[in-house]
Amino acid sequence: MTAKTQGLDTGTDSVLRFELPDPALAAGIKAGLERVEDVLHTVVDSDVEFVRSTALHLVDAGGKRIRPLFTLLAAQFGDPKRQDVITAAAAVELVHIATLYHDDVMDEATMRRGAVSANARWDNTVAILAGDYLFAHASRLVSDLGTDAARIIAETFAELVTGQLRETIGPGPDDDPIAHYLSVIGQKTGSLIATAGRFGGMCAGAADEHVTALRRFGEIVGAAFQISDDVIDIASPADESGKTPGTDLREGVHTLPTRYALAEHDPTDRDGVRLRQLLGRPLTEDAEVDEALALLRESPALSRARKTLADYADRARDVLRLLPDGPAAEALRAMTDYLVDRTG
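Report follows, based on the coordinates. Not measured: the values here are computed from a predicted model. (Residues numbered from 1 in each chain as written. Predicted model: local features only at pLDDT ≥ 70, side-chain atom pairs only at ≥ 80, totals over all residues. Heavy atoms only, no water.)

## So, the packing of aromatic side chains
And step 1. Tallied over the full model, the rule gives three aromatic pairs.
And step 2. Here the aromatic rings of phenylalanine 50 and tryptophan 122 are separated by 5.9 Å at their centres, their planes lie at 85°, and the arrangement is edge-to-face. Highlighted residues: phenylalanine 50 in helix α2 (residues 49–56) and tryptophan 122 in the loop between α5 (118–121) and α6 (124–143), separated in sequence by 72 residues.
And step 3. Classification of phenylalanine 50 as partly exposed rests on a relative accessible area of 42%.
And step 4. Taking 5.3 Å as the distance between ring centres and 85° as the angle between the ring planes, the aromatic pair formed by phenylalanine 135 and phenylalanine 157 counts as edge-to-face. (Phe/Tyr/Trp six-rings, centres within 6.5 Å; stacked < 30°, edge-to-face > 60°. Helix = DSSP H or I, 4+ residues; strand = E, 2+ residues; numbered from the N terminus. Buried < 20%, exposed > 50% of the residue type's maximum accessible area, 1.4 Å probe, protein only.)

Quick look at the structure:
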């Protein structure tokens, strides 16, 4: 692996295509992620084969491992060789994977990370219990990090659940739908990535002000990752993104670009009127999905979503100024740039 040209190979089925500026840092992060993978597989092992296979179903399906990656990068601002750093990185990834089991049940999803979802392979009850099993083991790992860490992960659980509940209920009649959406993704996605950065700094013994900055950076970048995914779902062909465009449209999910489109009210804009008609319901016909995608790609809504993403990236860069310069800070800047570049 060369840090300049290969991106960061996380050892899973996805590669984060941003540069790590320092070969020693790249090698250290790669080794750390390999240790995290070992912990993930060891900690959920069970003598009951069915429990083991269901718990490992999504662990083995891979993913970008963004949360443990950020934990390891955050630890560079202290002593990254401490074992607690690996424990924390594995714990936050277990929490994330557990939420995926539950999300798939609520979304009635049939696929996850290129594999059949647990609820489709088995049933909803098995998927829910497998997620609970991972939550339990994540909590057990965090308990080894001390009472402060246990309190933080409990607060993070509450944020995750609150965000999911608010998404399920939707914005109220007096709520701004766009502000509601951005707040929800801050809870559902930003909160756990914020905790990943906080844990990385804490467990490595970083200075308090640096831990605070890492937490804030993670909160912003976490939400930005979701906005980036929202844009990719509309803008990127499948051969570039590896994802089927319009997945959210087919499921009737309103992401940031579609919410911006729905907020428009110009009756003279025929394309806008037609787009709002299409977005008013789940789209089951391929022709309608293609039409909606074409309209969205030409609409101001997609440009507004890109602008919002750029604003989040600028806020993240501002926070990075609070951290010491060096390879780790450069890597976090590269991560921030990657968020914007991957949607181009």
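## Looking at empty space enclosed by the protein
Empty pockets left among the atoms are what a rolling probe the size of a water molecule brings to light.
And step 1. Tallied over the entire structure, the rule returns one cavity of 30 Å³ or more.
And step 2. By volume, the largest cavity amounts to about 40 Å³.
And step 3. Every element with two or more residues in the lining of the largest cavity is listed here: α11 (247–250) and α13 (270–279).
And step 4. In terms of residue class, the lining of the largest cavity is built from five nonpolar, two polar and two charged. (1 Å grid on protein atoms, 1.4 Å probe; cavity = no way out; pocket = protein on both sides within 12 Å on 5 of 7 lines; lining within 4 Å. Points joined across faces, edges and corners; volume = space filled by probe spheres on them. Nonpolar A, V, L, I, M, F, W, Y, C, P; charged D, E, K, R; others polar.)

## A word on unusual backbone geometry
And step 1. Residue arginine 65 is not a glycine yet carries a positive backbone phi of 55°.
And step 2. Note on arginine 65: relative accessible area 2%, which makes it buried.

## A closer look at the nonpolar core
And step 1. Leu73, Phe217 and Leu332 are the most contacted members of the largest nonpolar core, which has 101 residues in total.
And step 2. Counting residues per element, this core draws most heavily on helix α4 (residues 83–107), which supplies 14 residues.
And step 3. Beyond its immediate stretch of four places on either side in the chain, leucine 332 contacts Phe70, Leu73, Phe77, Leu214, Phe217, Leu320 and Leu323. (Core = buried A, V, L, I, M, F, W, Y, C linked by side-chain atoms within 4.5 Å. Contact = heavy atoms within 4.5 Å.)

## Topic: α2
And step 1. Turning to α2, its buried residues are Thr54, Ala55 and Leu56.
And step 2. Buried residues along α2 sit in contact with α1 (23–43), α4 and α6.

## Looking at the pattern of salt bridges
And step 1. Across all of its chains, the model carries 17 salt bridges by this definition.
And step 2. Arginine 304 is paired through a salt bridge with glutamate 264; the nearest N and O atoms lie 3.5 Å apart. In this pair, arginine 304 sits in helix α15 (residues 300–320) while glutamate 264 sits in the loop between α12 (256–263) and α13, placing the two residues 40 residues apart along the sequence.
And step 3. On the accessibility criterion, arginine 304 (36% relative accessible area) is partly exposed. (Salt bridge = Lys/Arg side-chain N within 4 Å of Asp/Glu carboxyl O.)

## A few points about the packing of α12 against α13
And step 1. Following both chains from N to C, one finds α12 and α13 inclined at 125°, their axes separated by 9 Å at the closest point. Between α12 and α13, the angle is such that the two are oblique. Considering only the axes of α12 and α13, their crossing is left-handed. Packed against α12, whose contacting residues are Thr258, Ala261 and Leu262, the element α13 presents Leu275, Arg276 and Leu279 at the interface.
And step 2. The residue inventory of the contact of α12 with α13, partitioned by class, reads four nonpolar, one polar and one charged. (Axes fitted to C-alpha atoms, helices over the stretch in contact; angles between N-to-C directions. Parallel < 35°, antiparallel > 145°, perpendicular 65-115°, else oblique. Left-handed = near helix turned anticlockwise from the far one by under 90°.)

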